[in-house]
Amino acid sequence: QVQLVESGGGLVQAGGSLRLSCAASGRTFSTYNMAWFRQAPGKEREFVATVNWSGGSTYYADSVKGRFTISRDNGKNTMYLQMNSLKPEDTAIYNCAGGQPRWDHLSRPSGYDYWGQGTQVTVSS
């Protein structure tokens, strides 16, 4: 069992940066794939990025590739999302998720068993 708590959201101007954190409780954090998803008002939940158990493999949505970086520190039971060059369309609630999805389900919410409560990111133009 893993409990996840996000932090680091806020209001930032377009072009700015934020770093989100996802702190996990439980001793099995290092065995899970971790991911970030986001959901804007009136839209479906959208995959952002995922990182494998060791941190050695990452995968990004095309919409954030080159601007966002996902990472993890298993010693601190924490995952991060560094967001640079933010755009108004990045405005959403960001949730972290953990699980052991199949390789072809890495970007699907159904592939993850554990979810945080979310943190709001608002990018003003």
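Below you will find a few notes about this structure. (Residues numbered from 1 in each chain as written. Predicted model: local features only at pLDDT ≥ 70, side-chain atom pairs only at ≥ 80, totals over all residues. Heavy atoms only, no water.)

## Quick word on the sheet that holds strand β8 (residues 78–83)
Then comes step 1: Strand order in the open sheet made by the four strands is β1-β3-β8-β7, with antiparallel pairing throughout. Edge positions in the open sheet fall to β1 (3–7) and β7 (68–73), since each of these has one partner strand only. The sheet shows a mean angle of 15° between the axes of neighbouring strands, direction not considered.
Then comes step 2: With six bridges joining them, β7 and β8 adopt antiparallel strand pairing. When the sheet's bridge partners are listed, F68 is paired in β8 with M83. (Pairing = 2+ DSSP bridges. Helix = DSSP H or I, 4+ residues; strand = E, 2+ residues; numbered from the N terminus. Axes fitted to C-alpha atoms, helices over the stretch in contact; angles between N-to-C directions.)

## Section: the packing of aromatic side chains
Then comes step 1: Summed over the entire model, instances satisfying the criterion amount to five aromatic pairs.
Then comes step 2: Residues Y32 and Y114 carry aromatic rings whose centres are separated by 5.5 Å and whose planes lie at 80° to one another, so their mutual orientation is edge-to-face. A residue pair is termed long-range when its members are at least 10 positions apart, and Y32 in the loop between β3 (18–25) and β4 (33–39) and Y114 in strand β10 (residues 114–115) qualify at 82 residues. Each member of the pair, Y32 together with Y114, is buried.
Then comes step 3: Each member of the aromatic cluster is reached from another via a ring pair, and the members are F37, F47, Y59, Y112 and W115.
Then comes step 4: Above the ring of W115, the side-chain terminus of R45 is found at 4.3 Å from the ring centroid.
Then comes step 5: In this arrangement the basic side chain of R72 is found over the ring face of F29, its NZ or CZ atom lying 4.5 Å from the centre. (Phe/Tyr/Trp six-rings, centres within 6.5 Å; stacked < 30°, edge-to-face > 60°. Buried < 20%, exposed > 50% of the residue type's maximum accessible area, 1.4 Å probe, protein only. Lys NZ or Arg CZ within 6 Å of the ring centre and 35° of its normal.)

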